[in-house]
Amino acid sequence: MADFFHPDRLQKLEELRTAGTDAYPAQVPYPGRELAATLLAQAEELQGQQVVLCGRVLGRRGYGKLAFLDVHDQSGRIQVCLQKDKLSEEDFARLKQLNLGDVIAVQGEMSKTKVGEDTVFGTGWTMLTKALENPPSDKTQGLTDGELRARRRYVDLFVNEDVRDAYLRRGKIIQAMREVFLQHDYAEVDTPVLHPIYGGANARPFSTHHNALDMELFLRIAPELYLKRLLVGGMERVFEFARVFRNEGVSMRHNPEFTMVEFYQAYTDVEGMMTLTEELVLAAAEAAELPLEEGATTPTRLATFRGETFRLGAPFERLRYADTFREHVGCDPQDREAILAKLQEQGIDAPGEGDYNYWKAVNALFEEHVEPTLRGPVFVYDYPAAICPLAKPLANDPTWAGRFEFFLGGMELANAFSELNDPQLQLEKFEEQVQDIDPEAPNQVDMDYVRALAYGLPPAGGCGIGIDRLVMVLLGVDSIRDVLLFPHMRPETEGPAQA
């Protein structure tokens, strides 16, 4: 018998069954169930009326001829009073089999206690689910360990109301962003999760095998190349909230699977993506119910993340890559002698031959010296073209590409391009990537994507936003695992196996 089936609860389950009570009925016996929050909001109008509620018992007080219960549902908590003189003999006797954590249905009259608390005075109740595992003994102290909370999210959600509220707000943030897209005539689409070639970003993929086709497939690291195929097909504005998978380590800001939204629009460029990204972030901040800054000349919401306060109001700051590089690294990114000296100073190996390797080294310095200063909200734009294989080089200086990264809370949250639509140049850049010894670089050229470009991709802008990191900042949550319902973790070494 599993060690989380507690003997006392098993005995009470057996007593219920012996008495002819189904401890796991398929249906609620009373019609017209209301949420706790609704009953409390309408308590004055409902005084003296019969109501029905369902929920989990997380508190119990009283002995003898009455019991006060704290019943919790998704909307919150409400008090229930079960009195011997208002219940049937069977219903009152069954209270002996009631434990904290059990899920019940109550039918009763809405009224007030002597101290004025709105309460459902039960005229009948029934067991809906007999819990065989003990819930945490104290709501505020019983489940505070971060790792245990992540492993047993199902418990974390019902004992910590603020945690449950945070995940519900995450849904509101996503819905607000979706509404922005729809207002701009974007179409929501779905693209494949299993890819024959991984691409659209540099990352190690997860691989699997398709038996019927006898071929290796990869869980997508980005939906980008499929979404741009849709632009070729005449779908001019598309977006997808995509679950993506990268075979990387776990950290405060990394999880092997995460959610991003990618969106692409024909007949615009990276500037258009900046404008839309700004609108999306501000809509998300409003949906997260962040407080407005008093006295601001334009609507500005305040996000508090890791002890810092971030002002989210249009327009966001914009910095050119080369300018901020010179400021924080101390030399021009195109000054090769100075760059080699900086690399040597940092103990970094000199880059291999070719522009691609040189600019990868430059960007390593950028990530080391500049990115920690980018608290945000800020757009950094005009990245080195050599390390942007999917972005269009600038017309006035092809050393640089139409690309931005958006930073907030000291993290990169978004990446956008003026999309490269020259099929010959794209093929050349893909072939260069394949030669890269970096294990995160694509291992083969996506020739079908090149063929799609050969049919003609209109000028376009595209962007991807990391939803989990955005939610972290907006809700003031330190770790990515606390905005994911079920983050990936090492298997438990003791106790029941992780689901």
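The coordinates are above.
Residues numbered from 1 in each chain as written. Predicted model: local features only at pLDDT ≥ 70, side-chain atom pairs only at ≥ 80, totals over all residues. Heavy atoms only, no water.

J.: Please give an account of the packing of helix 8 (residues 224-232) against helix 14 (residues 447-456) that cites residues and values.
T.: Packing of helix 8 against helix 14 leaves a shortest axis separation of 9 Å and a crossing angle of 25°. Relative to helix 14, the element helix 8 is oriented roughly parallel. Considering only the axes of helix 8 and helix 14, their crossing is left-handed. Where helix 8 abuts helix 14, its residues Leu-225, Lys-228, Arg-229 and Val-232 lie against Asp-448, Tyr-449, Ala-452, Tyr-455 and Gly-456. Its residues assigned to classes, the contact of helix 8 with helix 14 comprises five nonpolar, one polar and three charged. (Axes fitted to C-alpha atoms, helices over the stretch in contact; angles between N-to-C directions. Helix = DSSP H or I, 4+ residues; strand = E, 2+ residues; numbered from the N terminus. Parallel < 35°, antiparallel > 145°, perpendicular 65-115°, else oblique. Left-handed = near helix turned anticlockwise from the far one by under 90°. Contact = heavy atoms within 4.5 Å. Nonpolar A, V, L, I, M, F, W, Y, C, P; charged D, E, K, R; others polar.)

J.: Talk me through the pattern of salt bridges; I want residue IDs and the actual numbers.
T.: With the rule as written, the count across this model stands at 33 salt bridges. Linking Glu-147 and Arg-151 is a salt bridge whose minimum nitrogen-to-oxygen distance equals 3.0 Å. Here Glu-147 and its partner Arg-151 are both found in helix 5 (residues 146-151), four residues apart, which amounts to about one turn of the helix. The exposure class assigned to Glu-147 is partly exposed, which follows from its relative accessible area of 37%. (Salt bridge = Lys/Arg side-chain N within 4 Å of Asp/Glu carboxyl O. Buried < 20%, exposed > 50% of the residue type's maximum accessible area, 1.4 Å probe, protein only.)

J.: Residue-level account of the environment of Asp-22, with values.
T.: Position of Asp-22 relative to the elements: it lies in the loop between helix 1 (7-18) and helix 2 (36-41). Exposure remark for Asp-22: the relative accessible area of 47% places this residue in the partly exposed category. Residues Asp-22 and Leu-128 lie 106 residues apart in sequence; the distance between their C-alpha atoms is 8.2 Å. Within the structure, Asp-22 has its side chain in polar contact with the backbone nitrogen of Tyr-24 (distance 2.9 Å). (Polar contact = N/O pair within 3.5 Å; in protein donor to acceptor, adjacent residues only side chain to side chain.)

J.: Which residues make up the packing of aromatic side chains, and what values go with them?
T.: Describing an aromatic ring pair means giving the distance of the ring centres and the angle of the ring planes. Inspection of the entire model under this criterion finds 19 aromatic pairs. Plain terms: the ring middles of Tyr-321 and Phe-325 are 6.4 Å apart, the flat faces sit at 15° to each other, and that makes the pair stacked. With Tyr-321 and Phe-325 both in helix 10 (residues 321-329) and four residues apart, this pair spans about one turn of that helix. The class of Phe-325 is buried, set by a relative accessible area of 0%. When the ring of Trp-359 is compared with that of Trp-400, the centres are 5.3 Å apart and the planes differ by 70°; the resulting orientation is edge-to-face. (Phe/Tyr/Trp six-rings, centres within 6.5 Å; stacked < 30°, edge-to-face > 60°.)

J.: Quick one: what's the story with a nonpolar patch on the surface, residue by residue and with numbers?
T.: Together, Tyr-154, Leu-485 and Phe-486 give the surface a local cluster of nonpolar side chains, amounting to about 340 Å² of exposed area. With respect to the helices and strands, the residue Phe-486 is situated in the segment after helix 15 (467-475). Assessed through its relative accessible area of 54%, Phe-486 is described here as exposed. (Patch = residues over 30% accessible without salt bridge, like charges linked within 9 Å, V, L, I, M, F, W, Y side chains within 5 Å. Areas by Shrake-Rupley, 256 points an atom, 1.4 Å probe, with all protein chains shown as cover.)

J.: For the side chain of His-195, give the residues involved together with the corresponding values.
T.: Relative to the helices and strands, His-195 is located in strand 7 (residues 194-195). Overall, the relative accessible area of 4% leaves His-195 in the buried class. One polar contact links the side chain of His-195 to the main-chain carbonyl oxygen of Pro-192, over a distance of 2.9 Å. Beyond its immediate chain neighbours, meaning those up to four positions away, His-195 contacts Leu-217, Phe-218, Arg-220, Ala-222 and Tyr-226.

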